[in-house]
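# Observations on chain architecture
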Amino acid sequence: EVRKAVREELRKGAHQIKLFVSGGVVSPSDPLWAPQFTESEIRAAVEEATARRTYVMAHSHTDDSTQRCIEYGVRTIEHATETSSETAALIARKQVYVVPTLSILKIMRDNGPELNLPASSVQKIGGLYEQSLASIERCSQAKAAIGFGTDLVGEKFYSLQGMEFSLRGEVQAPIDVLRSATSINADILQQRGRLGCIKADALADLIVMRGDPLRDLSLFSAPEKNMPFVMRGGAIVRNEL
């Protein structure tokens, strides 16, 4: 059934396949520690995606689920919230990518009742932000490839996307955070040379900042103020210079 589902999603135009290999924060029926998908199921998804020259990513909060993902061929680990030093070293050695998402953890932790989160989710979120920060630091020390994401979806959260930069800056150097959002993300998406770089034949996604992000990552938290120029695919979409 997994093989069939993956083939169907790829037939319909999916660029990648995502599996949930651990429990989730907002999913009501599974604790975070609950393993989801067996070895044969994960390997079937990986095999089908590889046959189509693409890859499998996996939602994974626990250290155990992340280790299973790496062993069975998953290419990127989304969240990687409870990553141990041993697993961070394995991620680096196997050349797997991790994509932490601090913003959503912070927003849910700080605004759970206002977001109408169920009590079970509020309970699950306790301590995850701090664990995720520690995991990022371990992955960074292991020289693992760390991508950039927020897990913020919906119009309500669009203006908050930039906070991820300064949150990541708590445990990483600004240059490493910027590489996560540019060149490493391009590698993850199999778009090296087209995204995340400034060169001939790239897609010309460019911004001009008021200020130096190598000194102050919080600039990204106020894009209306600090991002006067935006070019997307070579076309200017904002110009306040």
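Up top you'll find the structure we're talking about.
Rules used in this analysis
- Each chain has its residues counted from 1, following the order in which its sequence is written.
- Predicted model: local features are reported for residues with pLDDT of at least 70 only, side-chain atom pairs are reported and counted for 80 or more only, and whole-chain, interface and lining totals are derived from all residues.
- Water and hydrogen atoms play no part in the side-chain values, which are based on all heavy atoms of the structure.
- By definition, two strands form a pair when at least two bridges between them are found by DSSP.
- Put simply, DSSP marks the helices as runs of H or I at least four residues long and the strands as runs of E at least two long, and each gets a number from the N terminus on.
- Only the stretch in contact is used when a helix axis is fitted, and all axes are lines through C-alpha atoms; the angle between N-to-C directions ranges over 0 to 180 degrees.
- In these notes, a set of buried Ala, Val, Leu, Ile, Met, Phe, Trp, Tyr and Cys residues joined through side-chain atoms within 4.5 Å is what counts as a nonpolar core.
- Burial here depends on accessible area, computed with a 1.4 Å probe over protein chains only, as a share of the maximum for the residue type. Under 20% is buried, over 50% is exposed, and the range in between is partly exposed.
- Contacts are residue-level and defined by heavy atoms, with any inter-residue pair within 4.5 Å sufficient.
- Angles are sorted into four bins: roughly parallel if under 35 degrees, roughly antiparallel if over 145, roughly perpendicular if 65 to 115, and oblique for all others.
- In this scheme the crossing of two helices becomes right-handed for a clockwise turn of the near helix relative to the far one and left-handed for an anticlockwise turn of less than a right angle.
- Residues are grouped as follows: nonpolar covers Ala, Val, Leu, Ile, Met, Phe, Trp, Tyr, Cys and Pro; charged covers Asp, Glu, Lys and Arg; every other residue, Gly included, is treated as polar.
- Note on handedness: a clockwise path from strand one over the helix to strand two, with the strands aimed away from the viewer, defines a right-handed crossover.
- We count a salt bridge whenever a side-chain nitrogen from Lys or Arg sits within 4 Å of a carboxyl oxygen from Asp or Glu.

### Quick look at the sheet that holds strand E6 (residues 206-208)
In space, the three strands of this open sheet follow the order E6-E7-E8, with antiparallel pairing throughout. Two strands bound the open sheet, and with one partner strand each, they are E6 and strand E8 (235-239). Taking each pair of neighbouring strands and ignoring which way they run, the sheet shows an average axis angle of 10°. With four bridges joining them, strand E7 (residues 229-232) and E8 adopt antiparallel strand pairing. Of the residues in E8, the one forming a bridge with Val230 is Arg238.

### Description of the nonpolar core
One finds Val56 and Val74 to be the most contacted residues of the largest nonpolar core, which totals 43 residues. Every residue in contact with Val74, bar those within four places of it in the chain, is listed here: Ile42, Val46, Val56, Met57, Ala58, Cys69 and Val96. If you look at the next biggest cluster of nonpolar residues, it comprises ten residues, including Phe148, Val177, Leu217 and Met227.

### Focus: the sheet that holds strand E1 (residues 17-20)
Across the sheet, which stays open at both edges, the five strands sit in the order E1-E2-E3-E4-E5 with parallel pairing between neighbours. Of all the strands in the sheet, just E1 and strand E5 (145-146) have a single pairing partner and so form its edges. Both E1 and strand E2 (residues 56-60) contribute to a ladder of four bridges, which runs parallel. Bridge pairing in E2 links Leu19 to Ala58.

### As for the packing of helix H3 (residues 63-72) against helix H4 (residues 85-93)
Between H3 and H4, the least distance of the axes is 10 Å, while the angle of their chain directions is 20°. Put simply, H3 runs roughly parallel to H4. Helix-helix and strand crossings are classified by hand; for H3 and H4 the assignment is left-handed. Touching Asp63, Thr66, Gln67 and Ile70 of H3 are Glu86, Thr87, Leu90 and Ile91, all from H4. Taken together, the residues that form the contact of H3 with H4 break down as three nonpolar, three polar and two charged.

### Some details on unusual backbone geometry
For Ala80, which is not glycine, the phi dihedral falls at a positive 45°. Its location among the elements puts Ala80 in the loop between strand E3 (76-79) and H4. The backbone of Gln190 shows a phi angle near 60°, a positive value even though the residue is not glycine. Residue position: Gln190 is located in the loop between helix H9 (174-188) and E6.

### Concerning the pairing of E3
Each regular strand shows side chains that alternate between the opposite faces of the sheet. The pairing of E2 with E3 spans four bridges and is parallel. Bridge assignment links Met57 to a residue of E3, and that residue is Thr76. For the segment spanning E2, H3 and E3, crossover handedness is right-handed. Both E3 and strand E4 (residues 97-99) contribute to a ladder of three bridges, which runs parallel. Bridge assignment links Glu78 to a residue of E4, and that residue is Val99.

### Looking at the pairing of E2
By the criterion of burial, E2 is predominantly enclosed, with five of the five residues buried. Here E2 shows a buried face lined by Val56, Ala58 and Ser60 and a second buried face lined by Met57 and His59. The handedness of the E1 to E2 crossover, carried by helix H2 (residues 39-51), is right-handed.

### Comments concerning the pattern of salt bridges
Counted by the stated rule, this structure contains 14 salt bridges. We note a salt bridge from Arg3 to Glu47, for which the minimum N-O separation is 3.6 Å. Residue Arg3 is located in helix H1 (residues 2-11), and its partner Glu47 is located in helix H2; the two are separated by 44 residues in the primary sequence. Residue classification places Arg3 among the partly exposed residues on the basis of a relative accessible area of 31%. Where Arg215 meets Asp212, a salt bridge forms, and the shortest distance between an N and an O atom there is 3.6 Å. Note on Asp212: relative accessible area 33%, which makes it partly exposed.

### A word on the environment of Pro228
Here Pro228 is to be found in the loop between helix H10 (223-226) and E7. Residue classification places Pro228 among the buried residues on the basis of a relative accessible area of 1%. As for Pro228 and Glu170, which are separated by 58 residues in sequence, their C-alpha atoms are 26 Å apart. Filtering out sequence-adjacent residues up to four positions away, Pro228 remains in contact with Val208, Met209, Arg210, Arg238, Asn239, Glu240 and Leu241.

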